[in-house]
Amino acid sequence: MGTVGTEQVASVLGLSTGMVVQELGWDTDVDESLREAIMDAIDADLVEEALEAVDAVLLWWRAEDGDVADALVDSLTDLSSTGTIWLLTPKVGLEGHVETRDIAEGVQTAGLVLTAPITLDSSWQAQRIVRSKAGRR
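Bear in mind the structure is a predicted one, so any value in this text is a computation, not a measurement. (Residues numbered from 1 in each chain as written. Predicted model: local features only at pLDDT ≥ 70, side-chain atom pairs only at ≥ 80, totals over all residues. Heavy atoms only, no water.)

S.K.: Any chance you could explain the pattern of salt bridges here in plain terms?
M.R.: Pairing of side chains with opposite charge becomes possible as their charged atoms draw close. Enumeration according to the criterion identifies five salt bridges in this entry. Of the charged contacts, one joins Glu 23 and Arg 35 as a salt bridge, the two residues approaching to 2.6 Å between their closest N and O atoms. Here Arg 35 lies in helix α2 (residues 32-42) and Glu 23 lies in strand β1 (residues 21-24), a separation of twelve residues in the sequence. The two residues Glu 23 and Arg 35 agree in class, both being buried. Ionic pairing is found between Glu 99 and Arg 101, a salt bridge with its closest N-O pair at 3.9 Å. If you follow the salt bridges from partner to partner, you end up with Glu 23, Glu 32 and Arg 35 in one network. (Salt bridge = Lys/Arg side-chain N within 4 Å of Asp/Glu carboxyl O. Helix = DSSP H or I, 4+ residues; strand = E, 2+ residues; numbered from the N terminus. Buried < 20%, exposed > 50% of the residue type's maximum accessible area, 1.4 Å probe, protein only.)

S.K.: Can you help me understand unusual backbone geometry in this one?
M.R.: In this structure, Asp 43 takes a positive phi of about 55 degrees despite not being glycine. One can find Asp 43 in the loop between α2 and β2 (54-60). Judged by its relative accessible area of 60%, Asp 43 is exposed.

S.K.: Would you mind going over the sheet that holds β1 with me for this structure?
M.R.: By definition, the strands of a sheet pair up through backbone hydrogen bonds, in either a parallel or an antiparallel sense. What the five strands build is an open sheet, ordered β1-β2-β3-β5-β4; its pairing is mixed. Edge positions in the sheet fall to β1 and β4 (112-119), since each of these pairs with one other strand and no more. Strand-to-strand, the axes of this sheet are offset by a mean angle of 20 degrees, without reference to chain direction. Examined bridge by bridge, β1 and β2 share four bridges and lie parallel to one another. Residue pairing for β2: Leu 24 is matched across the bridge by Leu 59. (Pairing = 2+ DSSP bridges. Axes fitted to C-alpha atoms, helices over the stretch in contact; angles between N-to-C directions.)

S.K.: Just checking my understanding: could you explain the packing of aromatic side chains for this structure?
M.R.: Geometrically, a pair of aromatic rings is defined through the distance of the ring centres and the angle of the planes. Evaluated as defined, the whole model comprises one aromatic pair. Residues Trp 60 and Trp 124 carry aromatic rings whose centres are separated by 4.7 Å and whose planes lie at 85 degrees to one another, so their mutual orientation is edge-to-face. Placement of the pair is Trp 60 in strand β2 and Trp 124 in strand β5 (residues 124-131), with a sequence separation of 64 residues. For the pair formed by Trp 60 and Trp 124, the shared burial category is buried. (Phe/Tyr/Trp six-rings, centres within 6.5 Å; stacked < 30°, edge-to-face > 60°.)

Below, the structure is given as structure tokens:
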């Protein structure tokens, strides 16, 4: 898939007005235009500390951040039973890139299901991660 324009981000990520989206792993290297597009789409700020179950988690992750399985398990803490984790990682060839096999192993270890990556911009890609249907409550 080609690069998604910021105006299309919300649609591609399945986000809409009124959704609660938690952001984890923010740092100065994240794409602020993507963040703004998401906040525009949900018509709210991204939350760090959730007070209620969230509809989606944006998890910015880089190779040096540690074990992706641990981060995914932590992402489940405030995620609703039907929610989605969007794992955002630097693209291949960029500093902090996370190997596909490391993501796949982390997803499996966390008991989750991985979908195909989406290229969001020139630096970041996103992978949709959900609970397995057997694991939903």
